[in-house]
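# Structural description and commentary
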Amino acid sequence: MNDMTPTREQRTAALEGMGCKRKRVEDIRFTQGKGNYVDDVKLPGMLHGDFVRSPHPHARVKKIDDSEALKVPGVLAVITAETLKTVNLAWMPTLAGDVQMVLADGKVLFQNQEVAFVVATDRYAADDGINKVVVEYEPLPPLVDPFKSMDADAPVLREDLAGKTTGAHGPRKHHNHIFEWTVGDKELTDAAFKKAEVSIKEMISYHRTHPSPLETCQCVCSFDKIKGELTIYGTFQAPHVIRTVVSLIAKLPEQKIHVIAPDIGGGFGNKVGAYPGYICAAVASIVTGKPVKWVEDRIENLTATSFARDYHMTTEIAATKDGKVTGLRVHVLADHGAFDACADPSKWPAGFFNIVTGSYDFPTAHLAVDGVYTNKAPGGVAYRCSFRVTEAAYCIERAMDILAQKLNMDPAELRLKNFIKPEQFPYHSALGWEYDSGDYHTAMRKMMETTDYAALRKEQAEKRAAFARGETREIMGLGVSFFTEIVGAGPSKNCDILGISMFDSCEIRMHPTGAGIARMGTKSQGQGHETTWAQIIATEIGIPADNIMVEEGNTDTAPYGLGTYGSRSTPVAGAAIAMAARKIRAKAQMIAAYKLEVHEDDLEWDIDGFRVKGLPEKFMSMKDICWAAYNSVPPGMEPGLEAVSYYDPPNMTYPFGAYLCVMDIDVDTGVYKVRRFYALDDCGTRINPMIIEGQVHGGLTEAFAIAMGQEIRYDDTGNVVTGSFMDFFMPTAVETPHWETDFTVTPSPHHPIGAKGVGESPNVGGVPAFSNAVNDAFSFLGSTHIQMPHDYWRNWKAAKQLGAVA
Amino acid sequence: MAKTHVTMKVNGAEVEGLVEPRTLLVHFIRENLGMTGTHIGCETTHCGACTVDIDGMSVKSCTMFAVQAQGSDIITVEGMANADGTLSALQEGFRMMHGLQCGFCTPGMIMRAHRLLKENASPSEEEIRMGISGNICRCTGYQNIVKAIQYAAAKINGVEFREAAE
Ligand code: FES
Ligand code: FES
């Protein structure tokens, strides 16, 4: 070796592999306005579609008159349910096994439901057109309150289901009932409650909210009559699934459908499902023979595309006097709106709500979820969460605090006492999951030490005393939250969408010069896949990340994958990348052995190439192997260096974290101040710490919004009163607190690189931390639980009800 | 609807077009000029994704008609890179500090930050947060956007950028 030979560190650094804070390659185009989002797609002759929407939440549609609309200059067609019936598309299947109207058929079931689709030469003409469509409605009584949906005299919402006593997930108890789903051992759980020394019971609601990515849902559909091919550009988190769904419902051969998801301006679950806009734009393109663009506006996005949550969870914990939990019982009333269009794996009508035992060693648990219809927008997407994990985490984390309060124990101590212990992993939960790995005590203690939890509690006690003496009007809350997520959907044994297993995929092709391309079944919506996927490959095969291009979102070129949502990209696709890369490395090893004239077993991997064991100077770099793969492979071996992996994970992954929120609330105004927020996340192996930190910041900000004000609210008449960013709380840089991040690393034992996924963790863990802080602040005044969202007005109201304000 | 002829300067070049009086400036920029860096997130002046710089002011281009911009001097995100094509201090700041994720808010953020730094070359964190409060980002949580702007300010002022300790 001479001075010019790069050191191991230099060679490693040159790769920019896993663990390095590689700067994002995406940013070069995004910072220059050179992203290519769906609304940037323009095709020759392209038309624009826009919806006529219902002002009523529940009404019979008596007549639709489009004659004046068709006279508007630029308007070419008005599509109604009648038009769609001619092509059998008036109704579409939902991901949850229900069916949904594409355009109002007979009646409307929620405000802003799509009634007619106007196609015109530009978006202004389309808007003129929708204003000229005359729809005659006969209003019907709206059903707004989910708790009244199963009353005997509740109006029948879904006339199409009349007389149906079974639904997609079993028996229906009532004309507005969708499904009942139960898990766990009822008898054992009931027995635990009978024996319990202490128990708590509380109705914990997780209000309806909305993901609202900054870019709304949109598409451009283009049907080529000659070739019989349909090309769809869209804001799709799961492009391949969309292709299959379109093929199934439009009866077009799947190879003739090209789905392209270009850059996406945030998804958060909002862009998983299929919306009427996609269907109408496709039909309009077939009808007119021209490409048709549909771009949703913000009001439409907030009021008509998938909402999130709306779970009302009656929660009970049984425990011993000294705080050991012995049983958990939860009943959920789930408001799904007018159609069951939840995005959930087929087998779990309530997603992974059965992670509701959280991070605690519950010997037994039982839960039941009843889904009901109301006159509200359909959906129930996993908003920055893995299929209802967020609701489950909120439920258990609030309930543990309520139990701690009843036992007069510190909430952190109660958690430490009940955590699953490190030696119990892999841990089998009472509700049937196998947690892969975890070290909860270490995470919790690190949080408590770093934040000086004991000192904060002392300060709180002093403040409370001062409040009692009338010296201050400010109360202080400490919100402890500890969560375990279930992500990485998922193993084909438990997860599928429409019958397709939830594997994911990666194809890597190395070119002769040592550069390569990786094509994926995932689709980034801001998670930085182009950057991090190349880092995994860099580490696995020793080619600099800069030499690997990552391509996503084109169903013609990418192997079939189930897309990006539910923090599944790293646990599933990340594993597929590692496995594909390892196949390449295995072939590379054979080529290197041939070229170096040794047996394969005599080679060892060394950062960016193979070296003959004991003969360090006999080395062949991966770059040289790439060249050799195209000119001198061993006899009998196919040339080329490429591999594909379809990875079906053996299990989910279980990231976890310990969060603390320190909050002060002025009782006279309800104004809160988040004084400190500390988030410790354990997502196993960390691929790019910079991106992880960014994900945590973003997730915490969304959690903050949800817990502290954001809500999709309907008045008693079924009118949405939070239909724009004017009334739907969108935190800006001014309201958003400062975030402190921290981590521990507990790799997943079954994942090829030990990574667990992190994107949703801060949302899952953040919401309970905020809510617990508010509830903790008020607890000494005698309250056990105050419902979210905790805006100023509600805080003030709580203070007043608790007698703190005259 | 009758169309009106408009002319204006965009990123230093004279441009013109025929628009309806009701055509929003953002649509003129995106559709007529084909410059799609300026984004639409709400069309109701809440999100700032459509922010451009007009005659030395940050303006939400969804809240102005193209005809109102007649004769004005506009800078969009496409005009923000250095003359040699490299990233300007602000763009570099966003990349270095991980001030973006999906990138949809980024053009508007950059345009707003551009004007902010022209008005106040060394803003405090609070001034930055207040200064960008008309721009919504759904992905980043703003912390790194603030850092990105601090980075750019330091670079423009020729001083060393130091991240505040956590
Ligand atoms: S699009 Fe102009 S402010 Fe949102
Ligand atoms: S980076 Fe996605 S909205 Fe800001």
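Anything mentioned here points back to the structure above.
Residues numbered from 1 in each chain as written. Chains lettered and ligands numbered in written order. Predicted model: local features only at pLDDT ≥ 70, side-chain atom pairs only at ≥ 80, totals over all residues. Heavy atoms only, no water.

### Points about the pattern of salt bridges
Throughout the structure, instances matching the rule amount to 67 salt bridges over all chains. The structure contains a network of salt bridges with shared partners spanning A:D39, A:D40, A:R123, A:K293, B:R30 and B:E31. (Salt bridge = Lys/Arg side-chain N within 4 Å of Asp/Glu carboxyl O.)

### Some words on the nonpolar core
All names here are of chain A. Ranked by size, the top nonpolar core spans 222 residues in total, and within it F353 and F770 carry the most contacts. For this core, the element with the most residues is helix α10 (residues 389–407), which contributes 12 residues. Setting aside residues up to four positions removed in sequence, F353 forms contacts with W181, Y311, M313, V330, V332, L367, V369, F387, R388, E391 and A392. In this structure, I548, A575, A576 and I753 belong to the second largest nonpolar core, which totals 47 residues. (Core = buried A, V, L, I, M, F, W, Y, C linked by side-chain atoms within 4.5 Å. Buried < 20%, exposed > 50% of the residue type's maximum accessible area, 1.4 Å probe, protein only. Helix = DSSP H or I, 4+ residues; strand = E, 2+ residues; numbered from the N terminus. Contact = heavy atoms within 4.5 Å.)

### Structural notes on the environment of A:A90
Residue and element names in this part refer to chain A. Mapping A90 onto the fold places it in the loop between α4 (81–86) and β4 (91–93). Counting along the chain gives 14 residues from A90 to A104, while the straight-line C-alpha distance between them is 8.2 Å. Not counting the four nearest positions on each side in its chain, A90 is found in contact with A81, L84, K85, Q100, M101, V102 and L103.

### Considering the pairing of strand β31 (residues 615–621) of chain A
Residue and element names in this part refer to chain A. Direction of pairing for strand β30 (residues 609–612) relative to β31: antiparallel, over a ladder of 4 bridges. Looking at the pairing, G609 lines up with S621 of β31. Connecting the antiparallel pair β30 and β31 is a turn made up of 2 residues, with G614 showing a positive phi of about 80°. (Pairing = 2+ DSSP bridges.)

### Details of helix α7 (residues 239–250) of chain A
Residue and element names in this part refer to chain A. For α7, with 12 residues, the first-to-last C-alpha span of 16 Å sits near the 16 Å given by 1.5 Å per residue. The element α7 is largely enclosed, with a buried count of 10 among its 12 residues. Within the span of α7, buried status applies to P239, H240, V241, I242, R243, T244, V245, V246, S247 and I249. Turning to α7, the residues buried within the fold contact β4, β14 (229–234), β15 (257–260), α8 (276–288), β24 (496–497) and β25 (500–501). Downstream of α7 by one or two residues, K251 has phi in the positive range, about 55°. (Expected span 1.5 Å × (residues − 1).)

### Details of the side chain of A:S359
Of note, A:S359 is situated in the loop between β18 (325–335) and β19 (365–372). The contact partners of A:S359, leaving out residues within four places of it in the chain, are A:N418, A:F419, A:I420, A:Y440, A:F482, A:F483 and A:T484.

### Concerning the interface of chain A and chain B
Contacts between the two partners involve 57 residues from chain A, matched on the other side by 50 residues from chain B. For the chain A and chain B pair, buried surface summed over both sides reaches about 4500 Å², with 54% attributable to carbon and sulfur atoms. Three residues, A:T31, A:Y124 and A:L214, lead the burial of chain A against chain B; their summed loss comes to 17% of the area buried on that side. Summed over the shared surface of chain A and chain B, the result is 5 salt bridges. A salt bridge links B:E31 to A:R123; its shortest N-O distance comes to 3.1 Å. In this structure, the connection of chain A to chain B is made through 24 residue pairs in polar contact (both at pLDDT 80 or more). Elements with a minimum of two residues in the side of chain A that touches chain B: α2 (27–30), α5 (123–132), α17 (689–708) and β35 (740–743) of chain A. With 9 residues, the top contributor of residues to the side of chain A that touches chain B is α17(A). Taken together, the residues that form the side of chain A that touches chain B break down as 22 nonpolar, 20 polar and 15 charged. (Buried area = accessible area lost by both parts, 1.4 Å probe. Polar contact = N/O pair within 3.5 Å; in protein donor to acceptor, adjacent residues only side chain to side chain. Nonpolar A, V, L, I, M, F, W, Y, C, P; charged D, E, K, R; others polar.)

### Describing unusual backbone geometry
Glycine aside, residues mostly have negative phi angles, and peptide bonds mostly take the trans form. Residues and elements named next belong to chain A. In this model, A489 is joined to G490 through a cis peptide bond whose omega is -25°. With respect to the helices, strands and loops of the structure, G490 is situated in the loop between β23 (474–484) and β24. With a phi angle near 65°, R309 is a residue other than glycine that sits in the positive phi range. Within the secondary structure, R309 sits in strand β17 (residues 307–319). Under the relative-accessibility criterion, R309 is labelled buried at 0%. Its identity as a non-glycine residue notwithstanding, R384 has a phi of 45°, on the positive side. Topologically, R384 is positioned in the loop between β20 (379–381) and α10.

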